[in-house]
Amino acid sequence: MKKMLRQIKRLLDKTFGTIIDEFYWRFRGKSWAKKYLTPESINHPHRQLLIEHIAIYAPFESALEVGCASGANLYLIAKRFPTVKLYGTDINKRAVYIGREWFATQGINCSFSTHKAEDLKQFPDKSIDIIFTDAALIYVGPEKIERVIKEFARVAKKALIFNEWHDESQNSIYNDHWIHNYRTLLKKFTSEDNIRFTKIPQELWGGDWAKYGYIIEVKI
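Residues numbered from 1 in each chain as written. Predicted model: local features only at pLDDT ≥ 70, side-chain atom pairs only at ≥ 80, totals over all residues. Heavy atoms only, no water.

When you look at the packing of helix 5 (residues 45-55) against helix 6 (residues 72-80) in this model, what are you seeing that I'm missing?
To characterise two packed helices, one gives the angle between the axes of the helices and the distance between these axes. The contact between helix 5 and helix 6 brings their axes to 10 Å, and the two run at 50°. Between helix 5 and helix 6, the angle is such that the two are oblique. In this structure, helix 5 meets helix 6 at a crossing whose hand is right-handed. In this structure, helix 5 uses Arg47, Gln48, Leu50, Ile51, Glu52, Ile54 and Ala55 to contact helix 6, whose residues at the interface are Ala72, Asn73, Leu76, Ile77 and Arg80. Residue composition of the contact of helix 5 with helix 6, grouped by class: 7 nonpolar, 2 polar and 3 charged. (Axes fitted to C-alpha atoms, helices over the stretch in contact; angles between N-to-C directions. Helix = DSSP H or I, 4+ residues; strand = E, 2+ residues; numbered from the N terminus. Parallel < 35°, antiparallel > 145°, perpendicular 65-115°, else oblique. Left-handed = near helix turned anticlockwise from the far one by under 90°. Contact = heavy atoms within 4.5 Å. Nonpolar A, V, L, I, M, F, W, Y, C, P; charged D, E, K, R; others polar.)

Laid out in structure tokens, this is it:
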């Protein structure tokens, strides 16, 4: 049954793009969001790699994670950079609520909100130093990815940092998730000299992440 449902979802994703994943993540239950805040999740080695790449741009005053779930990455940033003003957005209200409540118990200030990836209208132009994602844009289809990046570029002041799936193919590829050519996409908004790719090592995260996973940085 699970195999059949996955095949149906693959067909729907290919046909309708982002809307199927948006529906899935918007209404997904809260158990997964709670797991994001377990020690096993928080200490996953890919998060430390992401934080190290964010730290390159220190000092910075503000950071926004789009697709933050319940905030595991934001928690790590708060621990390392306690004076940074943190923001997190996610499409799932349950995850946002769990993150907001858990951060309060930790004595950490973080402004959580519920929005789609391309909906950052609450943030003025060039108002956030760093915008980052972690396995969020793999759910954004080719019909929407450019619009999402354009909105990120509008709001970000210092850097964009993505932990996502990248391939040099001419067109986006679908392999359960979306694999985009970020070099081509980002060159529409900045010089290629400002873009840097760092491959996710096999020993850090295996499977498709070892094949397609990159930390993608854009210096603004």
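Quick question: what am I supposed to make of helix 2 (residues 18-27) here?
Three- or four-residue spacings in an α-helix give side chains the same orientation, since the helix completes a turn every 3.6 residues. The set of residues buried in helix 2 consists of Thr18, Asp21, Glu22 and Trp25. With its buried residues spanning 105° around the axis, helix 2 presents them on a single face. Opposite the buried face of helix 2, at more than 90 degrees from it, the exposed residues are Ile19 and Phe23. (Buried < 20%, exposed > 50% of the residue type's maximum accessible area, 1.4 Å probe, protein only. Arc of directions from axis to C-beta.)

Looking at this structure, I do not really get the packing of aromatic side chains. What am I missing?
In this description, a pair of aromatic rings is defined by centroid distance and the angle of the planes. One pass over the full model with this rule turns up 13 aromatic pairs. Connected via pairs of aromatic rings, a cluster forms that spans Tyr75, Trp102, Phe103 and Phe112. Above the ring of Tyr214, the side-chain terminus of Lys199 is found at 4.9 Å from the ring centroid. (Phe/Tyr/Trp six-rings, centres within 6.5 Å; stacked < 30°, edge-to-face > 60°. Lys NZ or Arg CZ within 6 Å of the ring centre and 35° of its normal.)

What exactly am I supposed to notice about unusual backbone geometry here?
Among all residues save glycine, negative phi is the norm, and among peptide bonds the norm is trans. Across the junction of Ala58 and Pro59, the peptide omega takes the value 0°, indicating a cis bond. By secondary structure assignment, the location of Pro59 is in the loop between helix 5 and strand 1 (62-66). Despite not being glycine, Ala135 has its phi angle at roughly 55°, a positive value. The exposure class of Ala135 is partly exposed, given its relative accessible area of 22%.

Can you walk me through the nonpolar core in this structure?
Generally speaking, a soluble globular protein has its nonpolar side chains buried in company with each other. Counting 31 residues, the largest nonpolar core has Ile54, Leu74, Leu86, Phe132 and Ile161 as the members making the most contacts within it. At the level of secondary structure, the elements contributing two or more residues to this core comprise helix 5, helix 6, helix 7 (93-105), strand 4 (128-134) and strand 5 (156-165). Once you skip the residues sitting within four places of it in the chain, Ile54 turns out to touch Phe60, Ile77, Ile130, Phe132 and Ile161. Counting residues in hydrophobic clusters, the runner-up holds 26 residues, among them Leu160, Leu185, Leu186 and Ile195. (Core = buried A, V, L, I, M, F, W, Y, C linked by side-chain atoms within 4.5 Å.)

Help me out: how do you make sense of the sheet that holds strand 5 in this one?
Pairing between the strands of a sheet is mediated by backbone hydrogen bonds and can be parallel or antiparallel. Overall, mixed pairing links the 7 strands, which are arranged 3-2-1-4-5-9-8 in an open sheet. Of all the strands in the sheet, the pair left with one neighbour each is strand 3 (111-114) and strand 8 (195-199). Put simply, the sheet's adjacent strands are angled 15° from each other on average, direction ignored. Pairing analysis gives 5 bridges linking strand 8 to strand 9 (residues 213-219), with the strands arranged antiparallel. (Pairing = 2+ DSSP bridges.)

Looking at this model, I keep getting lost on the side chain of Thr133. Mind explaining?
Tracing the backbone shows Thr133 in strand 4. By relative accessible area, which is 0% here, Thr133 ends up buried.

Honestly, the pairing of strand 4 in this entry has me stumped. Any pointers?
Consecutive side chains of a regular strand alternate in pointing toward one face of the sheet and then the other. Counting buried residues along strand 4, 7 of its 7 residues qualify, which places the element largely inside the surrounding structure. For strand 1 and strand 4, the ladder comprises 3 bridges, and the chain directions are parallel. Its bridge partner lying in strand 4, Leu64 is registered against Ile131. Alignment of strand 4 against strand 5, held across 6 bridges, turns out to be parallel.

Is there a simple way to think about the pairing of strand 5 in this case?
A large share of strand 5 lies buried, amounting to 8 of its 10 residues. With helix 8 (residues 145-155) bridging strand 4 and the parallel strand 5, this β-α-β connection has right-handed handedness. Note that strand 5 and strand 9 share 7 bridges and pair antiparallel. Residue pairing in the sheet places Ile161 in a bridge with Glu217 of strand 9. (Right-handed = clockwise from strand over helix to strand, strands pointing away.)

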